[in-house]
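Here are the chains, one letter per residue:
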Amino acid sequence: MQALRPVSRTLLRDRAYAVIRDAIVAGEIEPGAVVRDADLAEQLGLSRAPVREAFSRLVDEGLLESKPQSYTRVTPLVAADVRDAAAVVGALHELVTRVAVPRLRPEDLEEMRAANGRFVAAVRAGDVDEALRADDDLHDVLVRAAGNRAAAATVARYTPLIRRLERRRFGEGGSCRSAGLHERLIEACAAGDVDAAVRVTEEIWRTLTALADPD
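Residues numbered from 1 in each chain as written. Predicted model: local features only at pLDDT ≥ 70, side-chain atom pairs only at ≥ 80, totals over all residues. Heavy atoms only, no water.

J.: Would you mind going over the pattern of salt bridges in detail, with residue names and values included?
T.: A full pass over the atoms with the stated rule returns 22 salt bridges. Note that R98 and D195 form a salt bridge whose closest N and O atoms lie 3.3 Å from each other. Of this pair, R98 sits in helix α4 (residues 79-100) while D195 sits in helix α9 (residues 194-209), and the two are 97 residues apart along the sequence. When its relative accessible area of 44% is taken as the criterion, D195 is described as partly exposed. (Salt bridge = Lys/Arg side-chain N within 4 Å of Asp/Glu carboxyl O. Helix = DSSP H or I, 4+ residues; strand = E, 2+ residues; numbered from the N terminus. Buried < 20%, exposed > 50% of the residue type's maximum accessible area, 1.4 Å probe, protein only.)

J.: Talk me through the pairing of strand β2 (residues 71-74); I want residue IDs and the actual numbers.
T.: Residue alternation in β2 divides its side chains into a buried set, T72 and V74, and an unburied set, Y71 and R73. Between strand β1 (residues 64-67) and the antiparallel strand that follows it, β2, lie 3 residues; Q69 among them carries a positive phi value of about 65°. (Pairing = 2+ DSSP bridges.)

J.: Describe the pairing of β1, listing the residues and the values that go with them.
T.: Pairing analysis gives 4 bridges linking β1 to β2, with the strands arranged antiparallel. Within the sheet, the bridge partner assigned to K67 lies in β2 and is Y71.

J.: Residue-level account of the nonpolar core, with values.
T.: Proteins that are soluble and globular tend to have nonpolar side chains buried together. Within the largest apolar cluster, 52 residues are counted, with the highest numbers of intra-cluster contacts made by I20, V51, L104, M112, L185 and C189. With 8 residues, the top contributor of residues to this core is α9. Not counting the four nearest positions on each side in its chain, M112 is found in contact with L104, L138, V141, L142, L185, I186 and C189. Of all hydrophobic cores here, the second largest spans 5 residues; its members include F119, A122, A134 and A179. (Core = buried A, V, L, I, M, F, W, Y, C linked by side-chain atoms within 4.5 Å. Contact = heavy atoms within 4.5 Å.)

J.: Go over the side chain of T159 with me, naming the residues and quoting the values.
T.: Residue position: T159 is located in helix α7 (residues 149-171). Ignoring any residue separated from it by four or fewer positions in sequence, one finds T159 in contact with V89 and D136.

J.: Give a detailed account of the packing of helix α8 (residues 179-190) against α9, specifying residues and quantitative values.
T.: It is the contact of α8 with α9, at a shortest axis distance of 8 Å, that shows an interaxial angle of 160°. As the angle between them shows, α8 and α9 are arranged roughly antiparallel. Seen along the crossing, α8 lies across α9 with a hand that is left-handed. For the pair formed by α8 and α9, the contact residues are L181, H182, R184, L185, A188 and C189 on the first element and A196, A197, V200, T201, E203, I204 and T207 on the second. (Axes fitted to C-alpha atoms, helices over the stretch in contact; angles between N-to-C directions. Parallel < 35°, antiparallel > 145°, perpendicular 65-115°, else oblique. Left-handed = near helix turned anticlockwise from the far one by under 90°.)

J.: Got a sec to walk through the packing of α4 against α9? Specific residues and values, please.
T.: Viewed as axis vectors pointing N to C, α4 and α9 meet at an angle of 165°, and their least axial separation amounts to 9 Å. Here α4 is positioned roughly antiparallel relative to α9, judged by the angle of their axes. Note on packing geometry: the crossing formed by α4 with α9 is right-handed. Two secondary-structure elements touch here, α4 through R83, A86, V89, G90, H93, E94, T97 and R98 and α9 through V194, D195, A197, V198, T201, E202, W205, L208 and T209.

Shown next, in the form of structure tokens:
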């Protein structure tokens, strides 16, 4: 049997980051909860080093806050922070949509339709987490097609902050964004209508940003 290569430190850090980030977004680790690298490292079966590196990244992205020699805890949900993040992410989605539409291949459009199908099924089943994953998958097709690495990195950095509030609002009895907006977006993309696709994208993000408005 061929010996397996050791798992790189980078992969361990990324694994810890993804698991902790997803737990925060899902509300499994609640706002205000204190997190300890030793505890999470034990739960994840990792050493403390990759967990500490994940903490540093999550602090930078606004999901954790840290006071040296004192605590690291999950940040509270602050509507103004979410609105700021949504404004930036929404503008970047409009940018990548404008660039991506002329580049889309038939298989890209099929991937978007499949994602929207999963979105519809998840909404009907009341599965908020799957609905949000499908929503991300649909829009990621455009992000990839645009090929703008700076935009992709910024979207990836700030989307979890937005999803955390979005998921909570859905859990409080709200509803996922209409699949009809997705259908209109896909139709515009299939027709190669850049301006229409950008308009629908702007509408999608305007609807989402409204979640952060005061009640």
